[in-house]
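Reading the structure
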Amino acid sequence: QVQLVESGGGLVQAGGSLRLSCTASGSIFSIRDMGWYRQAPGQQRELVANITRGGSTNYGDFVKDRFSISRDNAKNTVYLQMNSLKPEDTAVYYCNAVILSFIEYNKWGQGTQVTVSS
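Cut-offs applied
- Residues numbered from 1 in each chain as written.
- Predicted model: local features only at pLDDT ≥ 70, side-chain atom pairs only at ≥ 80, totals over all residues.
- Heavy atoms only, no water.
- Pairing = 2+ DSSP bridges.
- Helix = DSSP H or I, 4+ residues; strand = E, 2+ residues; numbered from the N terminus.
- Buried < 20%, exposed > 50% of the residue type's maximum accessible area, 1.4 Å probe, protein only.
- Polar contact = N/O pair within 3.5 Å; in protein donor to acceptor, adjacent residues only side chain to side chain.
- Contact = heavy atoms within 4.5 Å.
- Phe/Tyr/Trp six-rings, centres within 6.5 Å; stacked < 30°, edge-to-face > 60°.
- Lys NZ or Arg CZ within 6 Å of the ring centre and 35° of its normal.

A few points about the pairing of strand 10 (residues 104–108)
Looking along a regular strand, one sees side chains alternate from face to face of the sheet. As defined by bridge partners, strand 9 (residues 91–100) adjoins strand 10 across five bridges and the pair is classed as antiparallel. The partner of Val-98 across the bridge, within strand 10, is Asn-106. Following strand 9, the chain reverses through three residues before pairing antiparallel with strand 10.

This is the structure in C-alpha cells:
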C-alpha cells in the first residue's frame, strides 16, 4: 500500500510564501513523475506543476515564475515553493505521483488547504 502524505498548507497573507511537501511511502519500486494540482471550490482540478524523475519541470500558465517545484528522489519527496501568493491561489492542493510498484499507477494525496487572505 502506497501513501502520499502532504504538509505545509495553511493561511497566509497576499504576497506571502508557503512551502508544500509530499512524501510517498510504502511498496514503491520507483516514482516516475511527481506533481501538484489544485482545486478551488466550484472549479476543476488543474495542474500547478510537475517534475520528472530526471528533474524536468512543467508549470501551469498562472504560475508565472512565482512557484518552484523540486524533488528529492532518495526521500520520495516533492516540494512546491510558492511565493508572491495571491487570493486566487486559494485552493486545496493535491500531490500526485506516478508509482511503479508491481504495476504503474497514478496516486493522489488527500490534499492540503492553502488560503491566501487579501
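Brief notes about the side chain of Arg-38
Secondary-structure assignment places Arg-38 in strand 4 (residues 30–39). Residue classification places Arg-38 among the buried residues on the basis of a relative accessible area of 7%. In this structure the side chain of Arg-38 is engaged in a polar contact, spanning 2.9 Å, whose partner is the side chain of Asp-89. There is a polar contact of 3.0 Å between the side chain of Arg-38 and the side chain of Tyr-93. Residue contacts for Arg-38: discarding those within four places in its chain leaves Gln-44, Arg-45, Glu-46, Val-48, Phe-62, Phe-67, Glu-88, Asp-89, Ala-91, Val-92 and Tyr-93.

With respect to the environment of Asp-72
The residue Asp-72 is located in strand 7 (residues 67–72) in this model. Separated by 19 residues in the primary sequence, Asp-72 and Arg-53 place their C-alpha atoms 9.1 Å from one another.

What about the packing of aromatic side chains?
Aromatic ring pairs are described here by two measures, namely the spacing of the ring centres and the angle between the planes. Taken as a whole and assessed by the stated rule, the structure comprises one aromatic pair. With centroids separated by 5.1 Å and ring planes inclined at 65°, the aromatic side chains of Tyr-37 and Trp-108 adopt a geometry described as edge-to-face. Residue Tyr-37 is located in strand 4, and its partner Trp-108 is located in strand 10; the two are separated by 71 residues in the primary sequence. Tyr-37 gets classed as partly exposed once you look at its relative accessible area, which sits at 22%. Relative accessible area serves as the criterion here: at 33%, Trp-108 is assigned to the partly exposed category. Stacked on the ring of Tyr-79, the Lys or Arg Arg-19 has its end atom at 4.1 Å from the ring centre.

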